[in-house]
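The chain contents come next:
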2 protein chains.
Amino acid sequence: MPKAQRMAQMLTVAEEIFAEQGYLATSMDEIAERVGVSKPMLYEYFGSKEGLLIGCIHRARTELREKTAAAIAGARSPEEFLRLGLLAFFEFIDEHRRSWALLRQEAAVAVPSAQEEVEGIRQQQTDMIGAVLASFTPDIDPLEAEAFAEIVVGATERLAVWTERRPAVGPALATEYVMAVIWPGVAEKLMKLPAPAPPA
Amino acid sequence: MPKAQRMAQMLTVAEEIFAEQGYLATSMDEIAERVGVSKPMLYEYFGSKEGLLIGCIHRARTELREKTAAAIAGARSPEEFLRLGLLAFFEFIDEHRRSWALLRQEAAVAVPSAQEEVEGIRQQQTDMIGAVLASFTPDIDPLEAEAFAEIVVGATERLAVWTERRPAVGPALATEYVMAVIWPGVAEKLMKLPAPAPPA
DNA sequence: CTCGTAACTTACTTCGAGTAACCTACTGAG
DNA sequence: CTCAGTAGGTTACTCGAAGTAAGTTACGAG
């Protein structure tokens, strides 16, 4: 099997087993066996167990970025922007139920680089939110904009984990909950600032 | 050295080394050496590496619960309640800079029971917030109250991690940021409900 | 048909979690 | 005083899983 295809298959299998059993409890032999290949192939393509985990996270991150970017492309107001971004996120989580929570959690363990990879996901999101705040109200205090973005991301992420235990709460309702709590506060802040410039 | 004292010492050392290097990169031999004792003593008192980690988290959890409970004891309104609770949390984080983020993160790895221990911390907090929402407005939709509590906890936790990278942002400012974003939304929800009952 | 290389394997080494079995020093009862 | 019982401790192992060295097979281009 060609390298690219094999790598994709390995990521899929690894994501599944990591999600099932957790990172620590999973052995490379087990992943190799389920892929139908021997252990050194995993090392050939991913370098280490941690590298394999990072590969999983990186793939998910890329997919999330593309979906979010597509979703918010047509937004005309900060509110619409936030709402569409949140919805895209919750829909992404919904599709990756099995793997999401664990990838997130497990990643923390695998010391430095996986940490960074997961922080990269959050960075994507906080950057996006920080950018919208700044673009609609250029005079906002940068530190405060950053804090707001972190708060929104934290709230969203936590609610995503919560919805795993509450299957009745779908992406749309989750989005409403988050908007209901954060939008009034964000709007209030935006209103207090000098005339918001219209979006590009 | 008596058992209780030795256990406390082990927890202190373990918390420090886990925070420094991460759970995976830390060996039991290393902890034992730094405690000045041999490895089987760690197993005697904590059963496993995971047990030791859980011990660390549990101790932090207890301390956080006590501090938070003391802080909110005199609150007279939902706003004051939230504000005092948030402040207590951020102050706690501030005192445990080194260990906090890592304990939180690392815990995820050690499969089932450490997970539960960390979820226990969050449960404490969501319960507390859910309780105040319910006590001030008994007619709130329970599912929505739960979602609100999760959102507040997620926002707070995320901002706590963020402040580690922003030493200029102390507990008081962090509390203001969180209140600024979430309070208007929460207040709006409370206003819409039938006459709030006064607190006990 | 044979050379080169991409895809793959077997058979190790190493390191760290967890354990069995044994030691030592204090404390309190006769 | 002494000696049994136990709390606190150690040395020296096993075992499983990460990571690696060295070699093997498949197969398309010249």
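About the thresholds
Residues numbered from 1 in each chain as written. Chains lettered and ligands numbered in written order. Predicted model: local features only at pLDDT ≥ 70, side-chain atom pairs only at ≥ 80, totals over all residues. Heavy atoms only, no water. Helix = DSSP H or I, 4+ residues; strand = E, 2+ residues; numbered from the N terminus. Buried < 20%, exposed > 50% of the residue type's maximum accessible area, 1.4 Å probe, protein only. Areas by Shrake-Rupley, 256 points an atom, 1.4 Å probe, with all protein chains shown as cover. UniProt positions renumbered as here; feature names shortened; annotations may be inferred. Phe/Tyr/Trp six-rings, centres within 6.5 Å; stacked < 30°, edge-to-face > 60°. Lys NZ or Arg CZ within 6 Å of the ring centre and 35° of its normal. Expected span 1.5 Å × (residues − 1). Axes fitted to C-alpha atoms, helices over the stretch in contact; angles between N-to-C directions. Left-handed = near helix turned anticlockwise from the far one by under 90°. Contact = heavy atoms within 4.5 Å. Nonpolar A, V, L, I, M, F, W, Y, C, P; charged D, E, K, R; others polar. Near = heavy atom within 4 Å. Polar contact = N/O pair within 3.5 Å; in protein donor to acceptor, adjacent residues only side chain to side chain.

## Here's the deal with the overall build of chain A
Inference 1: Secondary structure summary: chain A contains nine helices and zero strands in total.
Inference 2: Sequence-ordered secondary structure for chain A, helices as α and strands as β, is α-α-α-α-α-α-α-α-α.
Inference 3: The proportion of buried residues among the 200 residues of chain A is 55%.
Inference 4: Surface accessibility of chain A: about 8,600 Å² in total, with carbon and sulfur atoms responsible for 57%.

## Thoughts on the UniProt feature "domain: HTH tetR-type" (unreviewed entry) in chain A
Inference 1: UniProt feature "domain: HTH tetR-type" (unreviewed entry): in the numbering of this structure it lies at residues 4–64 of chain A.
Inference 2: Secondary structure within residues 4–64 of chain A divides into 82% helix and 0% strand; the distance between the first and last C-alpha atoms comes to 21 Å.

## Concerning the packing of aromatic side chains
A ring pair, where both rings are aromatic, is described by two values, the distance of the centres and the angle of the planes.
Residues and elements named next belong to chain A.
Inference 1: Taken as a whole, this structure holds six aromatic pairs over all chains when the rule is applied.
Inference 2: Judged by centre distance (5.3 Å) and plane angle (50 degrees), the ring pair of F18 and Y23 falls under tilted. By the burial criterion, F18 is buried, and Y23 matches it.
Inference 3: One Lys or Arg, K49, reaches over the ring of Y23 and ends 4.5 Å from the middle of that ring.

## What to know about helix α5 (residues 78–95) of chain B
Inference 1: An ideal rise of 1.5 Å per residue puts 26 Å on 18 residues; α5(B) measures up with 26 Å between its terminal C-alpha atoms.
Inference 2: Burial in α5(B) covers these residues: B:P78, B:F81, B:L82, B:G85, B:L86, B:A88, B:F89, B:F90, B:F92 and B:I93.

## A closer look at the packing of α5(B) against helix α8 (residues 142–165) of chain B
Residue and element names in this part refer to chain B.
Inference 1: It is at 11 Å that the axes of α5 and α8 come closest, and there the two elements cross at 35 degrees. In terms of crossing hand, the pair formed by α5 and α8 is right-handed. Every residue of α8 that contacts α5 at L82, L86, F89, F90 and I93 is listed here: V152, T156, E157, L159, A160 and E164.
Inference 2: Its residues assigned to classes, the contact of α5 with α8 comprises eight nonpolar, one polar and two charged.

## Comments concerning the protein's contact with DNA strand C
Inference 1: Close to DNA strand C lie 17 residues, the nearest being A:R6, A:S38, B:M28, B:K39 and B:Y43.
Inference 2: Considering the 4 Å shell around the protein, atoms of DNA strand C inside it are sugar or phosphate in 55% of instances.
Inference 3: Note that a phosphate oxygen of DNA strand C is positioned 3.4 Å from one of the backbone N or O atoms of A:M1.
Inference 4: Here B:K39 contributes a side-chain N or O atom positioned 2.8 Å from a base oxygen of DNA strand C.
Inference 5: Mapped onto the surface near DNA strand C, the elements with two or more residues apiece are α1 (3–21) and α3 (39–46) of chain A together with α3 (39–46) of chain B.

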